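Reading the structure
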Amino acid sequence: MKASPKGFSLLELMVVLVIIGVLVAIAVPSYSMYLLRANRSAAQGFMMQVANKQAQYILDARNYAVGADALEDAKLKLTVPPDVRPLYDITVENSAGGSTVESPPKFTVRGTPKSGTKQAGDGVLILRHDGSKQRGATNGW
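Residues numbered from 1 in each chain as written. Predicted model: local features only at pLDDT ≥ 70, side-chain atom pairs only at ≥ 80, totals over all residues. Heavy atoms only, no water.

**Digging into the sheet that holds strand E3 (residues 125–128)**
Stated precisely, the cut-off is as follows: Two strands qualify as a pair provided DSSP detects at least 2 bridges between them. By the criteria applied, helices consist of DSSP H or I runs no shorter than four residues and strands consist of E runs no shorter than two, each listed in order from the N terminus. Contacts are assigned to residue pairs that have any heavy atoms within 4.5 Å of one another. The axes are straight lines fitted to the C-alpha atoms, using for helices just the contacting stretch, and the angles between their N-to-C directions are given from 0 to 180°.
Ordered in space as E1-E2-E3-E4-E5, the five strands form an open sheet in which the pairing is antiparallel. Every interior strand has two partners, whereas the edge strands, strand E1 (88–93) and strand E5 (138–139), have only one. With two bridges joining them, strand E4 (residues 133–135) and E5 adopt antiparallel strand pairing. Of the residues in E5, the one forming a bridge with arginine 135 is threonine 138. Each of E1, strand E2 (108–113), E3 and E4 touches helix H1 (residues 10–61); the most contacted strand, E3, lies at about 20° to it.

Pasting the structure below:
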């Protein structure tokens, strides 16, 4: 009786490596897109939290908190979460894009992706006082 060879042939190993390569080529871009969407979702969630705080703040102050210090000072008392801070700059401004107060009061929460991060090409996130949302040049999130 003839003994069968043990182990794998070079051809079998190459086929397995090609299959693994195809699977990786499909999985890595999908995972990258998943991370991009998850980071965007975290920023959007924080922006909604800012809008909710603004709704509470206007009842007391009769105006919205706007300006560079609106988030972290005594006005809204919010801190940008650690998963959002390295990827987005979150600002609260009046609807004209500045830090002065308007009549009637309006605000815009803007999440600008930081350059050099994986979110950089994702588009600016905008949430307005009336609940309208925009990402880049597209309405809605």
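More follows now that the structure is in view.
**Quick word on the pairing of E3**
Relative to E3, E2 runs antiparallel, the two being bridged by four bridges. Within E3, the position partnered with threonine 108 by the bridge is arginine 128. Sheet topology note: the E3/E4 ladder contains three bridges and is antiparallel. Within E4, the position partnered with leucine 127 by the bridge is lysine 133.

**What about the packing of aromatic side chains?**
Aromatic ring pairs are reported here in terms of the distance separating the ring centres and the angle at which the planes meet. Our working definition: Stacked, edge-to-face and tilted labels apply to pairs of Phe, Tyr and Trp rings (six-membered ring for Trp) whose centres lie within 6.5 Å, assigned for plane angles under 30 degrees, over 60, and everything in between, in that order. Exposure classes here rest on a 1.4 Å probe applied to the protein chains alone. A residue is buried below 20% of its type maximum, exposed above 50%, and partly exposed in between.
Under the defined criterion, the tally for this structure stands at two aromatic pairs. Considering the side-chain rings of tyrosine 64 and phenylalanine 107, the 4.6 Å spacing of their centres and the 65° angle between planes classify their relative orientation as edge-to-face. A residue pair is termed long-range when its members are at least 10 positions apart, and tyrosine 64 in the loop between H1 and E1 and phenylalanine 107 in the loop between E1 and E2 qualify at 43 residues. Each member of the pair, tyrosine 64 as well as phenylalanine 107, carries the same accessibility label: buried.

**A word on H1**
Defined as follows: Expected span, for any helix, means 1.5 Å times one less than how many residues it has.
Taking 1.5 Å per residue, 52 residues should reach 76 Å; H1 reaches 75 Å between its end C-alpha atoms and fits that length. Considering only its buried residues, H1 is in contact with E1, E2, E3 and E4.

**A word on the pairing of E2**
The two faces of the sheet receive side chains in turn, since in a regular strand these alternate between them. Alignment of E1 against E2, held across six bridges, turns out to be antiparallel. Bridge pairing in E2 places isoleucine 90 opposite glycine 111.

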